[in-house]
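Architecture at a glance
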Amino acid sequence: MSTSQELRRVRDPLAGLETPLQRGTASEAYSLLNPAYTAVITGAGVSTDSGIPDYRSPGSPSRSPMTGQAFRASHNNRQLYWARGYVGWEHYRQFSPNQTHYDLAALNPASLITQNVDGLHRAAGSDPVLELHGSLYQVVCLTCGRVWSRDWMQEQLAGLNPGFMTSATVAGGDVEINPDGDVELNEVTGFRIPDCPVCHGILKPDVVYFGEQVRPQVAAAATQAVEDAESVLVLGSSLAVHSALRLVRMASREQKPIVVVTDGPTRADDLATVRVVGRVAPFVAGWRAELMGD
Ligand SMILES: [Zn+2]
């Protein structure tokens, strides 16, 4: 089976959903959300103001993300990923947190759970952050499980591929960073990738690809965070993936207030106590102002 055939098997769980009507107001939402007892779940909509594209936002071009199966399946796929990632990283590492990341760090909710792999909550000062889908800032060995920093990997790639960065030609001519931190390249043959320095296993970005499971410890910590919380706030996520949706369903079963803020449809619209249809940034800025003043 070719890679493109595998990639096409990723179905869109949002197909057929329409943007719901607003239910309740931001003020009503704030009254339900005491940060000290709130679990916040964030998605791509929180990072779009930092320039990181959300491939689910209206009007964005359709693309086929790498699957874990495809990454494991062949050296060629890994070569393709790392060549793109090598060039893309020089741009990706320059993304910086936006006001919403800083507002959330200041609000310091009981727990911060994110589907984003961009590391921007940490960069804004939030700690701890439960990264459901891992982080592009780390690389993991598929055999021994050891973890290295993405910058270490970048040094290895640079050493193995002298001159590649300057000779790489980007498809279409313009550098356009994908949400996975890579770019489309015209030519990747001959690109060399390092293996694990300890066990010679395959090195993979420490992110959960489509078709992969969230790490059990991370999933358990997220479950605990929502169990401990008195309310749940979902920001900028369509909850298309089960790893986040299940947390909201759990809160719903426990009859906890749920606030969902995003401008498109989500899979939990019928579970929301308050459903704000709009951008995340003004909602979070308003929450901070309500509690802390301007
Ligand atoms: Zn290893």
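The notes below deal with the structure included here. The structure displayed is predicted, hence computed values, not measured ones.

Looking at the nonpolar core
- The biggest cluster of nonpolar side chains holds 27 residues, and the ones touching the most others in it are Tyr81, Trp82, Leu136, Phe191 and Leu203.
- Mapped onto this core, the elements with two or more residues apiece are helix 3 (68–73), helix 4 (75–92), strand 4 (134–141), helix 7 (150–160) and strand 6 (203–207).
- If you tally residues by element for this core, the top one is helix 4, at 7 residues.
- Counting the residues that make up this core, at least three belong to each of domain 1 (20–52 + 97–133 + 214–294) and domain 2 (66–94 + 136–207).
- Grouped together as the second largest cluster of nonpolar side chains are 23 residues, Ile41, Ala225, Val248 and Ala272 included.

Some details on the sheet that holds strand 8 (residues 258–262)
- Pairing is parallel across the open sheet formed by 6 strands, whose spatial order is 3-2-1-7-8-9. The open sheet is flanked by strand 3 (130–131) and strand 9 (274–277), the only strands paired with a single partner.

Concerning the coordination of the zinc ion
- Distances from the zinc ion to its protein donors, Cys141 (SG), Cys144 (SG), Cys196 (SG) and Cys199 (SG), fall within 2.3 Å.
- Each of the 4 donor atoms around the zinc ion contributes to a set of angles spanning 98 to 117 degrees, which defines the coordination as tetrahedral.
- Between consecutive donors of the zinc ion, the numbers of intervening residues give the motif C-x2-C-x51-C-x2-C. Here the residue Cys144 occupies a position in the loop between strand 4 and strand 5 (147–149), and Cys196 occupies one in the loop between helix 8 (164–167) and strand 6, the gap between them amounting to 52 residues.
- A residue is classified by how much of its surface remains accessible, and Cys196, at 0% relative accessible area, is buried.

What about the side chain of Asp206?
- Mapped onto the fold, Asp206 is located in strand 6.
- Look past the residues within four positions of Asp206 in its chain and what remains in contact with it is His133, Gly134, Ser135, Gln138, Val139, Val140, Val147 and Arg215.

Description of the pairing of strand 8
- Among the 5 residues that make up strand 8, 5 are buried, leaving the element largely enclosed by the rest of the structure.
- Judged by which residues are buried, strand 8 turns out to be covered on both faces: Ile258, Val260 and Thr262 on one side and Val259 and Val261 on the other are all buried.
- Bridge analysis of strand 7 (residues 231–235) against strand 8 gives 4 bridges, and the strand direction is parallel. By the bridge assignment, Val234 is partnered in strand 8 with Val260.
- Note that the unit made of strand 7, helix 10 (residues 242–253) and strand 8 has a crossover that is right-handed.

About the thresholds
- Residues numbered from 1 in each chain as written.
- Predicted model: local features only at pLDDT ≥ 70, side-chain atom pairs only at ≥ 80, totals over all residues.
- Heavy atoms only, no water.
- Core = buried A, V, L, I, M, F, W, Y, C linked by side-chain atoms within 4.5 Å.
- Buried < 20%, exposed > 50% of the residue type's maximum accessible area, 1.4 Å probe, protein only.
- Helix = DSSP H or I, 4+ residues; strand = E, 2+ residues; numbered from the N terminus.
- Domains from an automatic or database assignment.
- Pairing = 2+ DSSP bridges.
- Donors = N, O, S within 2.8 Å, 3.2 Å for Na, K, Ca; no water.
- Tetrahedral: all angles 85-135°; square planar, octahedral: opposite > 155°, others 65-115°.
- Contact = heavy atoms within 4.5 Å.
- Right-handed = clockwise from strand over helix to strand, strands pointing away.

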